[in-house]
Structure formats: structure tokens, C-alpha cells
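# Close look at the chain arrangement
As a plain string of letters, each chain reads:
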Amino acid sequence: MNRVNTTESGTKRLTTSAMIASIAAEGQATRAAPFGHALAALANQRSDIVGLSADLSKYTDLHIFAKAHPDRFYQMGMAEQLLMSAAAGMAREGCVPFATTYAVFASRRAYDFICMAIAEENLNVKIVCGLPGLTTGYGPSHQATDDLAIFRAMPNLMIVDPCDALEIEQAVPAIAEHQGPVYMRLLRGNVPLVLDEYGYKFEIGKAKTLRTGRDVLIISTGLMTMRSLEAAAQLQKDGVDVAVLHVPTIKPLDEHTILSEARKSGRLVVTAENHSIIGGLGEAVAGLLLRNGVTPTFRQIALPDAFLDAGALPTLHDRYGISTEAVCAQIKRWM
């Protein structure tokens, strides 16, 4: 969570008092631990669902599942390679394992085990990871700013980046039903509720237009869809009409919908993601457009190709260009 400290001069300064700070704005509707509750509810219906954690169940909301289904919860300790290898073995025995840890640990420490034990064998393992992108103030050791770039090139691996609590709840049964390995970025704790206002329904591999607009098309994923919708509402007051296309599945990409929207003439096309500017949604969309001869004016909103600072999330989001205010300012400059 965040707290406010007062300096000797009386100036208020926002600091981070915990590893995982909320990304919800003050007064914003949230739901607590949507992943944990959704997985526990799914396990009530399916006896093949099991949950594994690398000593982080409290910080991936898997403790909700563990309390509801203690006989199907496995605490693997601080050993991410073992976590993935055990999940692979359980999948071979007919279980549907949900393996949870932090995104940095899955993508960096356990990459080879995921590749060789899970992806190459196309096993039915669901890897669900907290602290994606810039969702912690604890610096480069915990900020997974490169996980999409690392995993996009891995064959057989589906990649999902949900926007809010509603989408997480809907994605859990959907990825469990999908046959094959999945990597899902996880927002945990008190997660904002955004998409309920749009009658939203998550579908694997499908992008959804949440807002139409004649001047700008933002193609966004993850929490940046929330920020894009907020920026669109603010920019509307300045006469800038912004469309928002939400892309929750990074791989496979909904090429048809993205190309259809990008072909509409006269609009600036902007991608927005909580990830490095290298190797994520932006470059995936840029490559798609070039391969198909679609050449709108194209820009990216993303984290820089750098190791990021530690600090309070609101400060860091402003500094690195993914706050609502920063998105608005950047689009205005490009206009």
C-alpha cells in the first residue's frame, strides 16, 4: 500500500510502505484477490485443479485457494525451477496445475525449465505471476519489465495480460479450459474494477473495442487499458476523440481486429503497455502492421529500455510515462 509522510518543511511526500502497492486510484471500485477467489471457485467444480506456489501464496493471492482446498495446494519453497518441474509432472498425471510466483522469477530464473519441461511438451500448465511490469516499487530485482519479451518467442506458450478484476475472474476458467501452457500476468490484492461498465466478456485470442474515436486509436493491454480509458475521458474534454482497443491476449494476437482498426484512416495509432518498449505489445503490433502494408502514424507508450528506480508507484508511473496524466500529455505532444 501507499502512505503519505510529511517532511520537516511540511511538504507531503508519497512513499511505498509495502512491496505490492495498489494501482487503484483513491475511491476507485476494487475487488479483493480476484484470482484466488476465482481459482477456488473453479476447483469446487473441477477436481483436477491444483495450486502450487514458490513460497509466495500470500503475495499471489493463492492463499485463498490454499485455505479452500488444502489437499490440492503444494508449497514448493523458494525454488522456482522445482515449482515448474513439479507442475509439469502433475500435468502429465492429468492435473491442471496453476503455478504461481513473481513474474521476474518465472521469466528469468525458471525460463529453461518452463521451455523444456512445459512448453516443448505442450503440457497443460498455467503459470500465473504477480508483479508484472512496474507494479512494485522495489526496483529491478522485482520489476518484470521484460517478461513479455522473454516469453513471446517461446513456442506453444499462450500469453494473457488482464486489465482488471473482472477480466482476471473470467480468464481463470478460460485458461483452465484451454489445452496447453499459459503465462498470465497477475494483478493481485485490491484490484481495480473497470470493464464491468462495458459489458465485457474475456475471450482467448480476442481484442475488444471498448471505446470508439476519430482522432486516436490506443491499442492497449493489462493495466494500461485502464489508464487508456481514463486518458481518453480526459482528452475528450480537450476535443481529442480517442478509441481504445483492449488486447488481453498478447499471444496469439488478434491480428484481424488490430488490422481492421488500424486501417481506419486519419487516426494516430498508439500502443500502451506496462512493459519495456522492447519486445512487448508495441513491437508485436508494429511488426503486424508492417507485414501487412498498414502504415498509420504509429507511436508507443511503454516503459524505457532501462533498469527502473525503486520508489512509490505513483511517482514511478509519472516518471516513466504510464500514469493517466503522462499518457494524456504524450498524446497531446504527438497530436
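Residues numbered from 1 in each chain as written. Predicted model: local features only at pLDDT ≥ 70, side-chain atom pairs only at ≥ 80, totals over all residues. Heavy atoms only, no water.

### What to know about the pattern of salt bridges
- According to the stated counting rule, one finds 17 salt bridges in the structure shown.
- The residue arginine 46 makes a salt bridge to aspartate 48 at a minimum N-O spacing of 2.9 Å.
- A residue is classified by how much of its surface remains accessible, and aspartate 48, at 21% relative accessible area, is partly exposed.
- A salt bridge links aspartate 215 to arginine 214, with the nearest nitrogen and oxygen atoms 3.8 Å apart.
- Judged by relative accessible area, which is 19%, aspartate 215 ranks as buried. (Salt bridge = Lys/Arg side-chain N within 4 Å of Asp/Glu carboxyl O. Buried < 20%, exposed > 50% of the residue type's maximum accessible area, 1.4 Å probe, protein only.)

### Quick word on the domain arrangement of the protein chain
- Looking at the protein chain, the domain boundaries give domain 1 (30-192) and domain 2 (205-334).
- Centre-to-centre separation of domain 1 and domain 2, based on C-alpha positions: 25 Å.
- Carbon and sulfur atoms make up 60% of the area that domain 1 and domain 2 hide from each other, which totals about 2,200 Å².
- The three residues of domain 1 that bury the most area against domain 2 are Leu134, Thr145 and Arg152, which together make up 30% of that side's buried surface.
- The interface formed by domain 1 and domain 2 includes zero salt bridges. (Domains from an automatic or database assignment. Buried area = accessible area lost by both parts, 1.4 Å probe.)

### What about the confidence of the model for the protein chain?
- Mean pLDDT over the protein chain stands at 94; residues scoring 70 or higher make up 94%.
- The low-confidence segment residues 1-18, where pLDDT is below 50, has 34 contacts with residues more than four positions distant or belonging to other chains. (pLDDT = per-residue confidence, 0-100. Contact = heavy atoms within 4.5 Å.)

### With respect to the nonpolar core
- Core analysis: the largest hydrophobic core is formed by 62 residues, its most contacted members being Phe35, Leu39, Ile49, Phe98, Leu134, Val216 and Val242.
- There are two domains that each give this core at least three residues, and those are domain 1 (30-192) and domain 2 (205-334).
- Each residue touching valine 242, except ones within four places of it in the same chain, is listed here: Arg211, Thr212, Gly213, Val216, Ile218, Ala232 and Leu235.
- Met84, Ala110, Phe151 and Leu289 belong to the second largest nonpolar core, which has 53 residues in total. (Core = buried A, V, L, I, M, F, W, Y, C linked by side-chain atoms within 4.5 Å.)

### Thoughts on the side chain of serine 57
- Tracing the chain through its elements places serine 57 in the loop between β4 (49-53) and α2 (62-68).
- Sequence-distant contacts of serine 57, that is, excluding residues within four places in its chain, are made with Leu62, His63, Phe73 and Gln75. (Helix = DSSP H or I, 4+ residues; strand = E, 2+ residues; numbered from the N terminus.)

### Looking at the UniProt feature "domain: Transketolase-like pyrimidine-binding" (unreviewed entry) in the protein chain
- Per the UniProt record, the feature "domain: Transketolase-like pyrimidine-binding" (unreviewed entry) sits at residues 28-193.
- Regarding residues 28-193, the helix share stands at 40% and the strand share at 20%, and the terminal C-alpha atoms are separated by 8 Å. (UniProt positions renumbered as here; feature names shortened; annotations may be inferred.)

### Quick notes on the packing of helix α8 (residues 223-236) against helix α12 (residues 324-334)
- Here α8 crosses α12 at 60°, and the two axes come no closer than 8 Å. Relative to α12, the element α8 lies oblique. Of the two possible hands of crossing, α8 and α12 adopt the one that is right-handed. Residue-level contacts link Met224, Arg227, Glu230, Ala231, Gln234 and Leu235 of α8 to Thr324, Glu325, Val327, Cys328, Ile331 and Lys332 of α12.
- Of the residues assigned to the contact of α8 with α12, the class counts are six nonpolar, two polar and four charged. (Axes fitted to C-alpha atoms, helices over the stretch in contact; angles between N-to-C directions. Parallel < 35°, antiparallel > 145°, perpendicular 65-115°, else oblique. Left-handed = near helix turned anticlockwise from the far one by under 90°. Nonpolar A, V, L, I, M, F, W, Y, C, P; charged D, E, K, R; others polar.)

### Details of the sheet that holds β4
- Read from one edge of the open sheet, seven strands run β5-β4-β6-β7-β9-β8-β14, paired in mixed fashion. On the outer flanks of this sheet lie β5 (73-75) and β14 (249-251), each paired with one strand and no other. Between one strand axis and the next, the sheet turns by 20° as a mean value, whatever way the strands run.
- Pairing of strand β7 (residues 126-130) with strand β9 (residues 182-186), which is carried by five bridges, proceeds in the parallel orientation. Note on β9: the bridge partner recorded for valine 128 is methionine 184. (Pairing = 2+ DSSP bridges.)

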